[in-house]
Amino acid sequence: MATEQRKPLPFVANFAAGAIAGVSEILTFYPLDVVKTRMQLETGKAKHGMVGTLSSIVREEGFGRLYRGLVPPLLLEAPKRAVKFAANDFWGKTYMGVFGESKMTQQLSILTGCSAGATESFVVVPFELVKIKLQDKTSTFAGPIDVVKQVIRKEGVLGLYAGMEATFWRHFWWNGGYFGCIHQVRSMLPPAETEKGQLFNNFVSGSVGGFVGTLVNTPFDVVKSRIQGSSKVPGVVPKYNWTYPALMTIMREEGPAALYKGFLPKVLRLAPGGGVLLLVVEFTLGVFRNALGPPYI
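Model, not experiment: these values are computed from the prediction.

**Thoughts on the overall build of the chain**
For the chain, the count of helices and strands is nine helices and zero strands. Beginning at the N terminus, the succession of helices and strands in the chain can be written as α-α-α-α-α-α-α-α-α. For a compact globule of 297 residues, the expected C-alpha radius of gyration is about 19 Å, and the chain comes in at 20 Å, within 12% of that figure. Its C-alpha atoms put the chain at 65 × 40 × 35 Å along the principal axes. Sorting the 297 residues of the chain into buried and exposed places 49% on the buried side.

Next up, the structure:
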């Protein structure tokens, strides 16, 4: 059966492929996420670069600290993938209908990615907050459950949604850059004539998309880390509260370069991570197609 005529895989297969890919990416690149967070939480002039931060964590706190806070993103992966797939499908179909397009264009891909990212942000905030608080060098929490209990006791349930607005903008710009770039790069690459060629094209486009997405969303990620890493003091207005004023505060006090603290470990994770994500997704979908047989092959 021709590729163009094969039946689309059921949602559960796409969901499983996305979850497997997401977990694979997290386990592979998580230490870089810890390093990134440490660099972003450091105010004033940076004392260490990526390598210095990594080595100081291992030397002073032990290798296991590089995986502290791993549980929340692993628990998040399944619901996040479900929301991501559903949101991409919903917004893609909605925008194609609104603009009268029969297939996805680069402009619609960017719009769809931004909208899906904004939708996804509502799910990820509590998990991200717990992860950030565990990754902080000064963290004394016993684990994820302890973070949740203490935040709720001190700030109420809504305290778990600190950084909601910053997370919204982070995902909005990341998805817009990532999906828009993937669509453009794929159109520029020579058509793949083999399955390996298709996997290579997916890796290249995913890596470039990961780089561009990281480039445009890092300042918002810095603000998100600052907001979620701080503790609220009753009667005191937080220094970092709303996204755009916080961007101005950081730029004024620490310089424009501070908005890109943690960029190197972030891009080293998310650029190849974006490629790995697409690679594993396509490989896993291929396994599902072969297992299910016609009409999915």
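What follows continues from the structure just given.
**Some points on the UniProt feature "repeat: Solcar" (unreviewed entry) in the chain**
The residues that UniProt annotates with the feature "repeat: Solcar" (unreviewed entry) are residues 9-94, 104-188 and 197-287. With 78% helix and 0% strand, residues 9-94 has its two end C-alpha atoms placed 21 Å apart. Here residues 104-188 is 79% helix and 0% strand, with 16 Å between the C-alpha atoms at its ends.

**Description of the side chain of Thr-53**
With respect to the helices and strands, the residue Thr-53 is situated in helix H2 (residues 50-61). According to the relative accessible area criterion, Thr-53 is buried, its value standing at 7%. A distance of 2.8 Å separates the side chain of Thr-53 from the backbone oxygen of Gly-49, its partner in a polar contact. Residues in contact with Thr-53, not counting those within four places in the same chain, are Val-35, Arg-38, Met-39 and His-48.

**Side note on the pattern of salt bridges**
Considering all chains together, one arrives at 18 salt bridges under this definition. Of the charged contacts, one joins Lys-131 and Glu-128 as a salt bridge, the two residues approaching to 3.5 Å between their closest N and O atoms. Of this pair, Lys-131 and Glu-128 both sit in helix H4 (residues 106-135), separated by three residues, roughly a single helical turn. Glu-128 carries the same exposure label as Lys-131, and that label is buried. Note that Lys-239 is salt-bridged to Glu-253, the shortest N-O span being 2.8 Å. Here Glu-253 lies in helix H8 (residues 243-254) and Lys-239 lies in the loop between helix H7 (195-229) and H8, a separation of 14 residues in the sequence. By relative accessible area, which is 45% here, Glu-253 ends up partly exposed.

**Examining the nonpolar core**
Leu-9, Ala-21, Tyr-178 and Leu-285 are the most contacted members of the largest nonpolar core, which has 17 residues in total. Of all the secondary structure elements, the ones that give two or more residues to this core are helix H1 (11-41), helix H6 (164-188) and helix H9 (263-292). For this core, the element with the highest residue contribution is H9, accounting for seven residues. Phe-220, Val-222, Val-223 and Leu-247 belong to the second largest nonpolar core, which has 11 residues in total.

**Comments concerning the confidence of the model for the chain**
A residue-level look at the chain finds 98% of positions with pLDDT of 70 or above and a mean pLDDT of 86. Confidence, read as mean pLDDT per element, is least for H9 in the chain (82) and greatest for H8 (94).

**As for a nonpolar patch on the surface**
Nonpolar side chains collect at one region of the surface, where Trp-173, Phe-211, Leu-215, Val-216, Tyr-244 and Tyr-260 lie side by side and expose about 510 Å² of accessible area between them. At three residues, the largest contribution of residues to the nonpolar patch is made by H7. Within the secondary structure, Tyr-244 sits in helix H8. On the basis of relative accessibility, which here comes to 36%, the residue Tyr-244 falls in the partly exposed class.

**Quick notes on the packing of H1 against H7**
The contact between H1 and H7 brings their axes to 9 Å, and the two run at 75 degrees. Between H1 and H7, the interaxial angle falls into the category roughly perpendicular. Here Lys-36, Gln-40 and Leu-41 of H1 come into contact with H7, specifically with Thr-218, Asp-221, Val-222, Ser-225, Arg-226 and Gly-229. Across the contact of H1 with H7, the residue classes tally to two nonpolar, four polar and three charged.

**Some remarks on unusual backbone geometry**
Cis rather than trans, the peptide bond between Pro-294 and Pro-295 has omega equal to 5 degrees. Structurally, Pro-295 can be placed in the segment after H9.

**Details of the environment of Met-248**
When you line up the elements, Met-248 lands in helix H8. A relative accessible area of 45% places Met-248 in the partly exposed class. It is 9.5 Å that separates the C-alpha atoms of Met-248 and Leu-259, two residues lying 11 residues apart in sequence.

**Concerning the UniProt feature "transmembrane region" (unreviewed entry) in the chain**
According to UniProt, the positions carrying the feature "transmembrane region" (unreviewed entry) are residues 12-32. Strand forms 0% of residues 12-32 and helix 100%; the C-alpha atoms that close the span are 30 Å apart.

**Some thoughts on the packing of aromatic side chains**
This model, assessed by the stated rule, comprises 13 aromatic pairs. Where Phe-211 meets Phe-263, the ring centres are 6.3 Å apart and the plane angle is 75 degrees; that geometry is what we call edge-to-face. Of this pair, Phe-211 sits in helix H7 while Phe-263 sits in helix H9, and the two are 52 residues apart along the sequence. Grouped by ring-pair contacts, the aromatic residues Phe-168, Trp-169, Phe-172, Trp-173, Phe-220 and Tyr-244 constitute a single cluster.

About the cut-offs
- Residues numbered from 1 in each chain as written.
- Predicted model: local features only at pLDDT ≥ 70, side-chain atom pairs only at ≥ 80, totals over all residues.
- Heavy atoms only, no water.
- Helix = DSSP H or I, 4+ residues; strand = E, 2+ residues; numbered from the N terminus.
- Rg over C-alpha atoms; globule rule 2.2 N^0.38 Å.
- Buried < 20%, exposed > 50% of the residue type's maximum accessible area, 1.4 Å probe, protein only.
- UniProt positions renumbered as here; feature names shortened; annotations may be inferred.
- Polar contact = N/O pair within 3.5 Å; in protein donor to acceptor, adjacent residues only side chain to side chain.
- Contact = heavy atoms within 4.5 Å.
- Salt bridge = Lys/Arg side-chain N within 4 Å of Asp/Glu carboxyl O.
- Core = buried A, V, L, I, M, F, W, Y, C linked by side-chain atoms within 4.5 Å.
- pLDDT = per-residue confidence, 0-100.
- Patch = residues over 30% accessible without salt bridge, like charges linked within 9 Å, V, L, I, M, F, W, Y side chains within 5 Å.
- Areas by Shrake-Rupley, 256 points an atom, 1.4 Å probe, with all protein chains shown as cover.
- Axes fitted to C-alpha atoms, helices over the stretch in contact; angles between N-to-C directions.
- Parallel < 35°, antiparallel > 145°, perpendicular 65-115°, else oblique.
- Nonpolar A, V, L, I, M, F, W, Y, C, P; charged D, E, K, R; others polar.
- Phe/Tyr/Trp six-rings, centres within 6.5 Å; stacked < 30°, edge-to-face > 60°.

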